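# Tertiary structure, described
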Amino acid sequence: MSVKMRKVGNSNTLTVPNDIKPIAKEFDVFQGRDGVIVYVPKHKNPFHDETFIKSHNLKQSEEFGGPLIGEEIPKD
């Protein structure tokens, strides 16, 4: 299966064949050094979601005890 790029306005467009059933309506797109074009379904970042942040304890403690070094615990 192959597709051809076509010009639509100021954009280049690649069509999605009917055999491919997308699981999302919005994608992030990247191009590799070798020219590969990758479309990845867009997901919300939970660390930018206020509801997620409020419902989880994101404070961190040292694995082996002792004082914290630097600023591991954010200031409230």
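Residues numbered from 1 in each chain as written. Predicted model: local features only at pLDDT ≥ 70, side-chain atom pairs only at ≥ 80, totals over all residues. Heavy atoms only, no water.

## Notes on the overall build of the chain
Where we set the bar: Numbering of helices and strands starts at the N terminus; helices are DSSP runs of H or I of at least 4 residues and strands are runs of E of at least 2. Burial here depends on accessible area, computed with a 1.4 Å probe over protein chains only, as a share of the maximum for the residue type. Under 20% is buried, over 50% is exposed, and the range in between is partly exposed. Two residues form a contact once any of their heavy atoms are found within 4.5 Å. To measure how exposed things are, a 1.4 Å probe is used in the Shrake-Rupley method; for residues, cover is taken only from the protein chains shown.
Counting its regular elements, the chain contains one helix and four strands. Reading the chain from its N end, one meets helices and strands in the order β-β-β-β-α. Of all 76 residues assigned to the chain, the portion counted as buried reaches 0%. Long-range contacts, defined as pairs at least 24 residues apart, comprise 4% of the intrachain contacts of the chain with a sequence gap of at least 6. Surface exposure of the chain reaches about 7600 Å², of which carbon and sulfur atoms provide 54%.

## Comments concerning a nonpolar patch on the surface
Spelled out, the test is: Patch rule: a residue counts if its relative accessible area is over 30% and it has no salt bridge; like charges are joined within 9 Å, and nonpolar side chains (Val, Leu, Ile, Met, Phe, Trp, Tyr) within 5 Å. A carboxyl oxygen of Asp or Glu within 4 Å of a side-chain nitrogen of Lys or Arg is what we treat as a salt bridge.
A contiguous nonpolar surface patch, about 470 Å² in accessible area, is contributed by Met 5, Phe 27, Val 29, Ile 37 and Tyr 39. Elements supplying a minimum of two residues to the nonpolar patch: β3 (27–31) and β4 (37–41).

## Quick look at the pairing of β3
Selection criterion: Paired strands, as defined in this entry, are two strands with at least two bridges between them according to DSSP.
By the bridge criterion, five bridges tie β3 to β4 in an arrangement that is antiparallel. Counted as the bridge partner of Phe 27 is Pro 41 from β4. Connecting β3 to the next strand, β4, in antiparallel fashion are five residues, including Gly 35 with a positive phi near 95°.

## Some remarks on the confidence of the model for the chain
Atomic detail in the predicted coordinates should be set aside for any region of low pLDDT. Here is the rule we go by: On a scale of 0 to 100, pLDDT captures the predictor's confidence in every residue.
Counting all residues, the mean pLDDT for the chain is 84, and 78% of those residues have values of 70 or more. Here helix α1 (residues 50–54) stands out as the least confident element of the chain, with mean pLDDT 84; strand β1 (residues 6–8) is the most confident, with 95.

## Some words on the packing of aromatic side chains
This is how it is decided: Only Phe, Tyr and Trp rings are paired, with Trp represented by its six-membered ring, and only when their centres lie within 6.5 Å; those with planes under 30 degrees apart are stacked, over 60 edge-to-face, the remainder tilted.
For the coordinates displayed, the defined rule picks out one aromatic pair. Relative to Phe 52, the ring of Phe 47 has its centre 5.6 Å away and its plane inclined at 85°; by these criteria the two rings are edge-to-face. For Phe 47, a relative accessible area of 52% gives the class exposed.

## Structural notes on the pattern of salt bridges
When the charged atoms of two side chains with opposite charge come close together, those side chains can pair. Applying the stated rule across the entire model yields one salt bridge. For Asp 28, the salt bridge is made with Lys 42, and the minimal N-O distance between the two is 2.8 Å. Pair noted here: Asp 28 is in strand β3 and Lys 42 is in the loop between β4 and α1, with a separation of 14 residues, a long-range link. Here Asp 28 falls in the partly exposed class, since its relative accessible area comes to 28%. What makes Lys 42 partly exposed here is its relative accessible area of 42%.

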